[in-house]
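Listed below, chain by chain, are the residues.
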Amino acid sequence: EVQLVESGGGLVQPGRSLKLSCAASGFTFSNYGMAWVCQAPTKGLEWVASISTGGGNTYYRDSVKGRFTISRDNAKNTLYLQMDSLRSEDTATYYCARHYYDGYSFDYWGQGVMVTVSS
Amino acid sequence: DVVMTQTPVSLSVSLGGQTSISCRSSQSLVHSDGNTYLYWYLQKPGQSPQLLIYKVSNRFSGVPDRFSGSGSGTDFTLKISRVEPEDLGVYYCYQGTHYPPTFGAGTKLELK
């Protein structure tokens, strides 16, 4: 059974940093691209970042470029999102998601972790 | 960015009934490789989204045949027949053809 379990969320002040983790199990982690997708409170879904199977290619939405870093450790079956210079508009639930085989969407999602940016 | 416009915003349906959701994109979703990367997700209350339909009309593993997707270019439809209680939630269309990938704002399916 595919499982994705996020951790690392919480309350943080604007301008500070936070690092999210996503522990994967139930599949060969190194064979799949991975992504982070967020959902602001009572809002819709928004893709944040993606990473290729080996980690050599990363992609970001414009609003987080230069502030967020997606990475992975295939030996530990773990995906990360380093979030720096956080802003109030980054407040959201962040989902870890596995890229579908076609690479263009997501087939399995974690339960999500809440990030609140507030002073 | 490609804007995905879903209609209606909300739907009331009777158990056992049939309904449909429309999704229109601001640009054609036909990729240069010939595929159309249009997907449908359902987010049940308190849960993370789950994939229902991939590439316009293909049901994901375990998705019942009560769900069907259709469309082409910029206009797409998700049909749900014989609605069951577990079908309630918010439905999102999503495009992966153009960067950045984008979601529709969602359609909330409720019981009448």
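Look up: the structure comes first, before these words.
Attention here is on the structure that accompanies the text. (Residues numbered from 1 in each chain as written. Chains lettered and ligands numbered in written order. Predicted model: local features only at pLDDT ≥ 70, side-chain atom pairs only at ≥ 80, totals over all residues. Heavy atoms only, no water.)

1. Comments concerning the state of the cysteines
Link 1 in the chain: Scanning the entire structure with this criterion turns up two disulfides over all chains.
Link 2 in the chain: Cys22(A) shares a disulfide with Cys96(A); S-S distance 2.1 Å. Between Cys22(A) and Cys96(A) the disulfide shows an S-S torsion of about -65°. By sign, it is left-handed. Remark: Cys96(A) occurs in strand S9 (residues 92-99) and Cys22(A) occurs in strand S3 (residues 18-25); sequence separation between them is 74 residues.
Link 3 in the chain: For Cys22(A), a relative accessible area of 0% gives the class buried.
Link 4 in the chain: Among the residues examined, Cys96(A) registers a relative accessible area of 0% and is labelled buried.
Link 5 in the chain: One disulfide in the model links Cys23(B) with Cys93(B); its S-S distance is 2.1 Å. (Disulfide = S-S within 2.5 Å. Helix = DSSP H or I, 4+ residues; strand = E, 2+ residues; numbered from the N terminus. Buried < 20%, exposed > 50% of the residue type's maximum accessible area, 1.4 Å probe, protein only.)

2. Observations concerning the pairing of strand S8 (residues 75-80) of chain B
Residue and element names in this part refer to chain B.
Link 1 in the chain: Burial along S8 is one-sided: the residues Phe76, Leu78 and Ile80 are buried and none of Asp75, Thr77 and Lys79 is.
Link 2 in the chain: As judged from the six bridges shared by strand S3 (residues 19-25) and S8, these two strands associate in the antiparallel manner. Pairing of Cys23 across the sheet is with Phe76, part of S8.
Link 3 in the chain: Direction of pairing for strand S7 (residues 67-72) relative to S8: antiparallel, over a ladder of six bridges. Pairing of Ser70 across the sheet is with Thr77, part of S8. (Pairing = 2+ DSSP bridges.)

3. Focus on unusual backbone geometry
Link 1 in the chain: Residue Pro8(B) follows Thr7(B) across a cis peptide bond; omega there is -5°.
Link 2 in the chain: In this structure, Pro8(B) sits in the loop between strand S1 (4-7) and strand S2 (10-13).
Link 3 in the chain: Across the junction of Tyr99(B) and Pro100(B), the peptide omega takes the value -5°, indicating a cis bond.
Link 4 in the chain: The phi dihedral of Asn77(A) falls on the positive side, at around 50°, and the residue is not glycine.
Link 5 in the chain: Inspection of the secondary structure assignment puts Asn77(A) in the loop between strand S7 (68-73) and strand S8 (78-83).
Link 6 in the chain: Exposure remark for Asn77(A): the relative accessible area of 30% places this residue in the partly exposed category.
Link 7 in the chain: One non-glycine residue, Lys55(B), adopts positive backbone phi at about 45°.

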